[in-house]
Each structure stands twice: as structure tokens, then as C-alpha cells.
Amino acid sequence: MKITGAIFDMDGTLVDSLMIWDVLWERLGEKYRNDRSFRPDPETERAVRTLPLREAMELLHKESGIGEDGETLWRIADDLCREFYARDVLLKDGVPEFLEHLRVNGVRMCVASATAPTLLQIVIDRYRLDRYFSKIFSCSEIGRGKEFPDVFQAAHAYLGTEQESTWVFEDSFVALQTARRAGYQTVGIYDRFNFYAEQMPSVSTEYVAKGETLCRLIPSIAAEKTE
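Small disclaimer: the values here were computed from a predicted structure and weren't measured.

A. The nonpolar core, seen in detail. In this structure, F8, M57, L129, F133, F169 and L214 are the most contacted members of the largest nonpolar core, which totals 56 residues. If you tally residues by element for this core, the top one is helix 4 (residues 70–87), at eight residues. When sequence neighbours within four positions are dropped, the list of residues in contact with L129 reads M10, L91, L99, V123 and I124. Counting residues in hydrophobic clusters, the runner-up holds 14 residues, among them F137, C139, F152 and A175.

B. Quick look at the packing of aromatic side chains. Tallying each qualifying case throughout the model produces nine aromatic pairs. Each ring, one from W25 and one from F38, has its centre 6.4 Å from the other, and the planes form 85°; the classification is edge-to-face. Of the two residues, W25 is situated in helix 1 (residues 20–33) and F38 in the loop between helix 1 and helix 2 (42–48); the sequence distance between them amounts to 13 residues. With respect to burial, W25 and F38 carry one shared label: buried. If you follow K31 out to its NZ or CZ, it ends over the ring of Y32, 5.4 Å from the centre. Seen from the ring of Y158, R108 lies directly overhead, with NZ or CZ sitting 5.5 Å from the centre.

C. Examining the packing of helix 3 (residues 53–64) against helix 4 more closely. Where helix 3 meets helix 4, the axes come as close as 8 Å, and the angle between the chain directions of the two elements is 130°. Classified by the angle between their axes, helix 3 and helix 4 sit oblique to one another. The interaxial crossing formed by helix 3 with helix 4 has right-handed handedness. Taken together, the residues of helix 4 that come into contact with helix 3 (itself represented by L53, R54, M57, E58, L60 and H61) are G70, E71, L73, W74, A77, D78 and C81. Considering only residue class, the contact of helix 3 with helix 4 consists of seven nonpolar, two polar and four charged.

D. Geometry of a negative patch on the surface. On the surface, E55, E58, E68, D69 and E147 cluster together into a patch of negative charge. One can find E68 in the loop between helix 3 and helix 4.

E. Looking closely at the environment of N34. With respect to the helices, strands and loops of the structure, N34 is situated in the loop between helix 1 and helix 2. Expressed as a C-alpha distance, the spacing of N34 and Q177, which sit 143 residues apart in the sequence, is 38 Å.

F. Spotlight on unusual backbone geometry. Of note in this structure, N34 is not a glycine but carries a positive phi near 50°. The backbone phi angle of R128 is positive, close to 55°, even though this residue is not glycine. Here R128 is to be found in the loop between helix 6 (117–126) and strand 5 (136–138). Take R128: its relative accessible area is 51%, and that puts it in the exposed class.

G. Spatial organisation of the state of the cysteines. Enumeration according to the criterion identifies zero disulfides in this entry. Considering cysteine sulfurs only, C139 is the nearest to C110, which forms no disulfide, with 12 Å between them.

Cut-offs and rules
Residues numbered from 1 in each chain as written. Predicted model: local features only at pLDDT ≥ 70, side-chain atom pairs only at ≥ 80, totals over all residues. Heavy atoms only, no water. Core = buried A, V, L, I, M, F, W, Y, C linked by side-chain atoms within 4.5 Å. Buried < 20%, exposed > 50% of the residue type's maximum accessible area, 1.4 Å probe, protein only. Helix = DSSP H or I, 4+ residues; strand = E, 2+ residues; numbered from the N terminus. Contact = heavy atoms within 4.5 Å. Phe/Tyr/Trp six-rings, centres within 6.5 Å; stacked < 30°, edge-to-face > 60°. Lys NZ or Arg CZ within 6 Å of the ring centre and 35° of its normal. Axes fitted to C-alpha atoms, helices over the stretch in contact; angles between N-to-C directions. Parallel < 35°, antiparallel > 145°, perpendicular 65-115°, else oblique. Left-handed = near helix turned anticlockwise from the far one by under 90°. Nonpolar A, V, L, I, M, F, W, Y, C, P; charged D, E, K, R; others polar. Patch = residues over 30% accessible without salt bridge, like charges linked within 9 Å, V, L, I, M, F, W, Y side chains within 5 Å. Areas by Shrake-Rupley, 256 points an atom, 1.4 Å probe, with all protein chains shown as cover. Salt bridge = Lys/Arg side-chain N within 4 Å of Asp/Glu carboxyl O. Lys, Arg positive; Asp, Glu negative; His and termini not counted. Charge placed at Lys NZ, Arg CZ, Asp CG, Glu CD. Disulfide = S-S within 2.5 Å.

Function cannot be inferred from these measures alone, as they are strictly geometric.
Now the structure itself:
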């Protein structure tokens, strides 16, 4: 596994955070419909996962008719996420060890996420991930979600590594599909809250399955270094 550059998603990849969507649906359902079991339709729910939060809430309002407007929904969601990232979110098992292994082996790393930079920074600061990531790229700043390759291309241009040895680490089938089509090596990561888990190996050069951690990849990286 030759790797000189690594582009990491955050939610569901580095941190165990995707349950936040269930909490958000419950809160919005209780507030607007007196129904804590509210969920958007499956197509809308899948779409919002790859969009910046403000755009996601605009789409949710448009497709589900919930809330006064998308801006109001975004404020509720943003407050909820800030509290969650500051207090409750945890790194996934094996993440610190894997990032440290890449660092000591000279791999350049950055983050490419649909999450807002302010929320990403909360996690970066809380777990001192600035030791590993020299820059954060967010779809909200790039202007397009992960159904387009723009955020990965911006991250890759910053890293300055060869494309054939630049790997994208993702838990989203849509994002993996996009990165694969754009010519990157991909690591798919299982998450219990995500969609299309059964299809993810098909768009993953390497796949971290249920019950595994990123540390599974360390021996193959070490083997590449010693050849």
C-alpha cells in the first residue's frame, strides 16, 4: 500500500458522530410535528449526508416541509452539532494509532469534509489533531458537495503528492464513488449509521469492515516502506 498523501473525511471516518442525524431528526420532529419518530424520506436523508449543513437544511425544508425555513433549521442543527462535538463525540477505535503511524512515516495528511470548518475545528482542538492535519477543506467553502470531486481535488493540490499514492479515506459510498472516479486510491470505512454498506467494498481499494479498525492497514503500509 504505497501512500504519500492521505485525505480524510471526519464524520464516520475519524470520529463516531453519525448518530447526530438521529438526534437531529428527533429534535426537529418533536419541535415541529410533536413526533419524535420523524425522519425525512430515504432519498432526502441520503442526500443531506453529503451536503454542507446549511444546504442540507435548505433541502430538508424544501423536500419535507418541516420548519419555518432552511435558515432556521440550520441554526437549530448548528447549535446541536456544536454542543455534540464539544462534549460527546469520540474518535473511532484505532484512529490515533493509525494517524501516528502515517505521521512518523512522513505521509502528508489533511481533512476534506462536508462539515462546517467551525465544527471541524472543535474536534481538531479537542483531540489535538493539528499534529496530523495541516489544513482543513470543507465543502461549504469549496461550494459543492461530495457528489463532485472538487473538495478532494483541492485537498490533493494542497498536499502536492502523486495521485497514484494519494488515498481518500471515507465512510460514504457516494464520496468513495466520487473519489474513485476522480482517480484516487480509496479506503472505505464501515459505519453502522451509514447507507449502502454492502456496496462500499466495490468502490474501495481497501475496505475496513465491521469489527475492524484502520490499524488493520498498518502492516501493509510498513511492508511498502521496507521494499
